[in-house]
Amino acid sequence: MIENFLMIYQALPYLLKGSLITIGLVGGALFLGFIIGIPMAVGQVYGSRFIANLIYFYVWFFRGLPVLVLLFLFYFGLFSLLRLNLPAFTAAILVLGLRSAAYQSQIFRGSIQSLGEGQMLAARSLGMSKIQAIWNIILPQALRISIPGWSNEYSIILKDSAVTYAIGVMEILTRGNFIATRTYKPMPVFLTCALIFLILTYGGVKILDLLEKKVRIPGYTFGRKEI
Amino acid sequence: MQSDKDIVLEVEDIHKKYREEKILKGVSFKVKKGETKVIIGPSGTGKSTLLRCINQLTIPDKGRVWLEGEEVTHTKKSINQFRQKIGMVFQDFNLFDHLTALGNIEIGLVKVKRMDKDKARQKAMEELKQVGLENQAYLYPAQLSGGQKQRVSIARALAMDPKVMLFDEPTSALDPELIGEVLEAIKNLAIQGMTMVLVTHEIGFARSVANEIIFIENGKILESGSPYKLFNNPEYERTRRFLKKITELYGESIEKR
């Protein structure tokens, strides 16, 4: 028992470095997914039929394949075909980010569509362009409504990041596996990995909960329902 | 038509259909500076569509609109240039839910008129005072009553210094006891000489503020004229019956509320 703790104690800095990589990976992927997902959602709701179809196809593709298949397709397939020679970490951010964009776009699309048509009408009646109305009126409201769904996306992508083990990204699980094979003590090592994942999930979700409360519109029924 | 300098808004032969259903079948009218036109008619006769055709929120299939002699339809200018000058008040208020009362008024000034923030704030505050809501400036729409929301939306439209104001059933979504304060605000505008087109069922109110009442049925103007003429001496029996019915429903006059 004691030597288990000692072993974990010694391995911890190495594992924690892995969690920094995981955080970077998840942060990068979520950010990429966000900046692609927003215009995708807007394009799907307000764009031409052609653009909407294009986005539909994108979402169909990235939501339709297992994340591991996507990783292999891009890392060993497309990226090497293009001779990009990307480090595994960068490739993982790209793949997870492009995939997250598909999911995030649908979170934002749902929020945009839940807003009444009147918001757009009123904005246009003041003389705002469509872009101005989307930027100043639609998105600030839609993003607020999207936080709970986005928090979900965070916790999912955090856990999905573990599959980048398969292309050798030095994240938590990859490092855990190294130690486990070296020490022949898989149980305590993977329990520690699990604990780190639980803490990261909890922490991120908590932060998003706080954000949700902070940007809540007074008087608006975003919070708990009385009935 | 540009010859008459007094004419602020001119609407000519507006047609609109949705799928196969013809909503508007050629509506024309002119509004002079300072005039209040009230459009009445049974529901589903295209009154709201007509208002939206004026600022092109709905694009008419046929017909033209002029604002102060400049054509709004088929224009090379951006439609946004015209919409700034055409204030619109909606039945459901359509206040921006994420902004305070003050913010709702400011945003058009800052984003559309490119006014600097301090000036916009000052002007927004003045507009709120005009509708008696300076104490509610920092409340959000969800914290306001229906009547207060509608007054904010009037202030929001007025802040843009419009040439004409369009009201689309501004009191239809309000509780009866809140209608008075909104009508009061609109009446004040009429007194100050604002040019207005108003769709409403508040017939008593229409009678007291309208220079002309336009009766629309089945997408066409059946009859128009002064309130006196329409109430006392209408050309059509249909007009008399509609006015009688709506008077029974919505009461005689605003003063009795």
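Residues numbered from 1 in each chain as written. Chains lettered and ligands numbered in written order. Predicted model: local features only at pLDDT ≥ 70, side-chain atom pairs only at ≥ 80, totals over all residues.

**Focus: the overall build of chain A**
Piece 1. Counting its secondary structure elements, chain A contains eight helices and zero strands.
Piece 2. N-terminal to C-terminal, the α/β element order of chain A is α-α-α-α-α-α-α-α.
Piece 3. Structurally, chain A occupies a C-alpha span of about 70 × 50 × 25 Å along its principal axes.
Piece 4. The 227 residues of chain A split such that 33% are buried. (Helix = DSSP H or I, 4+ residues; strand = E, 2+ residues; numbered from the N terminus. Buried ≥ 20, exposed ≤ 12 C-beta atoms within 10 Å, placed from the backbone.)

**Section: the interface of chain A and chain B**
How big an interface is tends to be stated in terms of accessible area lost as the parts join.
Piece 1. Each partner contributes to the interface: chain A provides 20 residues, whereas chain B provides 20 residues.
Piece 2. Where the side of chain A that touches chain B is concerned, the elements lending two or more residues are α5 (117–125) and α6 (130–160) of chain A.
Piece 3. Classifying every residue of the side of chain A that touches chain B by side-chain character gives nine nonpolar, nine polar and two charged. (Contact = placed C-beta atoms within 7 Å. Nonpolar A, V, L, I, M, F, W, Y, C, P; charged D, E, K, R; others polar.)

**Description of the sheet that holds strand β9 (residues 212–217) of chain B**
Residue and element names in this part refer to chain B.
Piece 1. Pairing in this open sheet of six strands is mixed, and the strands run β6-β7-β8-β3-β9-β10 from one edge to the other. At either margin of the open sheet sits one strand with a lone partner, and together these are β6 (86–89) and β10 (220–225). Neighbour-to-neighbour, the strand axes of this sheet turn through a mean angle of 20°, independent of strand direction.
Piece 2. Both strand β3 (residues 36–40) and strand β8 (residues 196–199) contribute to a ladder of four bridges, which runs parallel. Counted as the bridge partner of Lys37 is Val197 from β8. (Pairing = 2+ DSSP bridges. Axes fitted to C-alpha atoms, helices over the stretch in contact; angles between N-to-C directions.)

**Structural notes on the pairing of β9(B)**
Look at any regular strand and the pattern is simple: side chains alternate between the two faces of the sheet.
Residue and element names in this part refer to chain B.
Piece 1. Examined bridge by bridge, β3 and β9 share four bridges and lie parallel to one another. Counted as the bridge partner of Ile39 is Ile214 from β9.
Piece 2. In the sheet, β9 pairs with β10 via five bridges, with the strands oriented antiparallel. Note that in β10 the partner of Glu217 across the bridge is Lys220.
Piece 3. Here β9 hands over to β10 after two residues, with Asn218 in that stretch at a positive phi of 50°.

**Points about the domain arrangement of chain B**
Residue and element names in this part refer to chain B.
Piece 1. In terms of domain boundaries, chain B breaks down into domain 1 (1–85 + 162–173 + 199–257) and domain 2 (88–161).
Piece 2. Taking only C-alpha atoms into account, the centre of domain 1 sits 25 Å from that of domain 2.
Piece 3. Each side of the interface is counted separately: domain 1 has eleven residues, and domain 2 has twelve residues.
Piece 4. A per-class count over the side of domain 1 that touches domain 2 returns six nonpolar, three polar and two charged. (Domains from an automatic or database assignment.)

**What about the sheet that holds strand β2 (residues 21–32) of chain B?**
Residue and element names in this part refer to chain B.
Piece 1. With respect to topology, four strands assemble into an open sheet ordered β2-β1-β4-β5, the strand pairing being antiparallel. A single partner strand is all that each edge strand has here, and the edge strands are β2 and β5 (70–71).
Piece 2. Both strand β4 (residues 62–67) and β5 contribute to a ladder of two bridges, which runs antiparallel. Bridging from a neighbouring strand, Leu67 pairs with Glu70 of β5.
Piece 3. Packed on one face of the sheet, helix α1 (residues 47–54) meets β1 (7–18), β2 and β4 and runs near 120° to β1.

**A few points about the confidence of the model for chain B**
Piece 1. Residues at a pLDDT of 70 or more form 96% of chain B, whose mean pLDDT is 90.
Piece 2. Confidence estimates for the predicted assembly give a pTM of 0.88 and an ipTM of 0.90. (pLDDT = per-residue confidence, 0-100.)

**Quick notes on the packing of α6(A) against helix α8 (residues 186–214) of chain A**
Two numbers describe a pair of packed helices, the interaxial angle and the distance between the axes.
All names here are of chain A.
Piece 1. Two numbers describe how α6 lies on α8: the axes approach to 10 Å, and their chain directions differ by 165°. Taken together, the axes of α6 and α8 lie roughly antiparallel to each other. You can see that α6 and α8 cross each other, and the crossing is right-handed. Seen from α6, the contacting residues are Ile147, Pro148, Trp150, Ser151, Tyr154, Ser155, Leu158 and Lys159; seen from α8, they are Phe197, Leu200, Thr201, Gly204, Val205, Leu208, Leu211 and Glu212.
Piece 2. Considering only residue class, the contact of α6 with α8 consists of ten nonpolar, four polar and two charged. (Parallel < 35°, antiparallel > 145°, perpendicular 65-115°, else oblique. Left-handed = near helix turned anticlockwise from the far one by under 90°.)

**Considerations on unusual backbone geometry**
Residue and element names in this part refer to chain B.
Piece 1. In the Ramachandran plot, Glu68 falls in the positive-phi region, its phi being about 45° despite a non-glycine side chain.
Piece 2. Mapped onto the elements of the fold, Glu68 is located in the loop between β4 and β5.
Piece 3. Accessibility expressed as a C-beta count within 10 Å gives 16 for Glu68, which makes it partly exposed.
Piece 4. The backbone phi angle of Asn218 is positive, close to 50°, even though this residue is not glycine.

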